[in-house]
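In case you want the letters, here they are:
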Amino acid sequence: MSVLAQIEQWPVDNAVSVVLDGSGQIIGRHGDESKIYPLASVTKLLSTYAFLISLEEEAIGLADPAGPEGSTVHNLFSHTAGYDFDSDAIRFPVGTKRGYSNVGFEKLAEHLERETGIDFPSYAQEAVFGPLGMNSTEIAGSCAKDGRSTAADLAKFAAELLNPTLVSSATMSEATRVHFEGLAGILPGYGRQNPNDWGLGFEIRSSKTPHWTGASHPSATFGHFGQSGTFFWVDPVDRIACVTLTDRNFGPWAAETWASFNEAVLKQYS
């Protein structure tokens, strides 16, 4: 029996999980892949890809001033601009801590909108969802948290992250390395991490503990989880990816089950 069947035992009404191999093919699946789920912060992965495309197109640049005084696109993209989690309040000087922030991502989208004259949901649709055939995916509001999608669409996106076609492999490598190394910060739901490593938009597993991925996951594993009970990771070493969506908000139940589940997925499919 596939380890993915464990989601049937979770305290949720609906759940789906898919696993892809390095070629982008689905090698494990359980649940309704066509059901649309709110993604919460997994939305940031979709937005990240749109931002990366805009960087390659030179619509924006990492050195562009954006956010609070002294901050740049680079700071906003890697959660080092100093913003509070969900308000405009400045919590620390630019570049001194890793302050995970929805507002920082929203400011990044505002910057892109000013530079291109295109509203961000439309930009993401034209740059990412349309080309990848993600016909059930949208960002209806905040680029940080208001995405909606299906496991089928996110499997297409996972295949893209494993084998990029919309951005160069060099851009993908740059986005998934640690930026502003050595900064401590709070990983929501898991407490203070030192270091709290992040790439450009992608959370990097690194040496974080506790964490929502498995203990055996390579430090280079990247992805994101969402408050709506969703997670998405790519292991670039073993060349597999996993997308799991549920309809129950993140809480103790998730903190208690996700790491062991992801550890089992890694062992079965890698």
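The present account deals with the structure reproduced in this document. (Residues numbered from 1 in each chain as written. Predicted model: local features only at pLDDT ≥ 70, side-chain atom pairs only at ≥ 80, totals over all residues. Heavy atoms only, no water.)

A word on the packing of aromatic side chains. This model, assessed by the stated rule, comprises 21 aromatic pairs. Measuring from centroid to centroid gives 4.9 Å for Phe51 and Phe120, while their planes differ by 35 degrees, and the two rings are tilted. With a gap of 69 residues between them, Phe51 in helix H1 (residues 43-56) and Phe120 in helix H4 (residues 120-132) connect regions that are remote in the sequence. A residue is classified by how much of its surface remains accessible, and Phe120, at 2% relative accessible area, is buried. Ring geometry for Phe231 versus Phe261: centroids 6.3 Å apart, planes at 65 degrees, classification edge-to-face. Within this pair, whereas Phe231 is found in strand E10 (residues 230-235), its partner Phe261 is found in helix H7 (residues 252-269), the two being separated by 30 residues in sequence. By relative accessible area, Phe231 is classed as buried at 1%. (Phe/Tyr/Trp six-rings, centres within 6.5 Å; stacked < 30°, edge-to-face > 60°. Helix = DSSP H or I, 4+ residues; strand = E, 2+ residues; numbered from the N terminus. Buried < 20%, exposed > 50% of the residue type's maximum accessible area, 1.4 Å probe, protein only.)

Attention shifts here to the sheet that holds strand E11 (residues 240-246). Taken in spatial order, the six strands make up an open sheet running E2-E1-E11-E10-E9-E8, and their pairing is antiparallel. Two strands close off the open sheet at either side, each with one partner strand: strand E2 (26-30) and strand E8 (203-204). Here strand E9 (residues 222-226) runs beside E10; their pairing, made up of five bridges, is antiparallel. Its bridge partner being in E10, Phe225 is matched across the sheet by Phe231. (Pairing = 2+ DSSP bridges.)

Another aspect to go through is the sheet that holds strand E5 (residues 147-149). If you trace the three strands from one edge of the open sheet to the other, you get E3-E5-E4, paired in antiparallel fashion. Each edge of the open sheet carries a strand with a single partner, namely strand E3 (37-40) and strand E4 (138-139). Pairing between E3 and E5: three bridges, direction antiparallel. Bridge assignment links Tyr37 to a residue of E5, and that residue is Ser149.

As a further point, take the packing of H1 against H4. Axis angle and axis distance: for two packed helices, these are the angle between their axes and the distance between the axes, and together they describe the pair. Where H1 meets H4, the closest approach of the two axes is 9 Å, and the angle between their N-to-C directions is 80 degrees. In this view, H1 runs roughly perpendicular relative to H4, as classed from their interaxial angle. Along its contact with H1, which presents Leu46, Ser47, Tyr49, Ala50, Phe51, Ile53 and Ser54, the element H4 presents Phe120, Tyr123, Ala124, Ala127, Val128 and Phe129. (Axes fitted to C-alpha atoms, helices over the stretch in contact; angles between N-to-C directions. Parallel < 35°, antiparallel > 145°, perpendicular 65-115°, else oblique. Contact = heavy atoms within 4.5 Å.)

Per the counting criterion, the structure on display carries seven salt bridges. Between Arg177 and Glu174 there is a salt bridge, with the nearest N and O atoms lying 2.8 Å from each other. With a closest N to O distance of 2.9 Å, Lys208 and Glu203 form a salt bridge. We note that Lys208, like Glu203, is buried. (Salt bridge = Lys/Arg side-chain N within 4 Å of Asp/Glu carboxyl O.)

None of this, on its own, says anything about what the molecule does.
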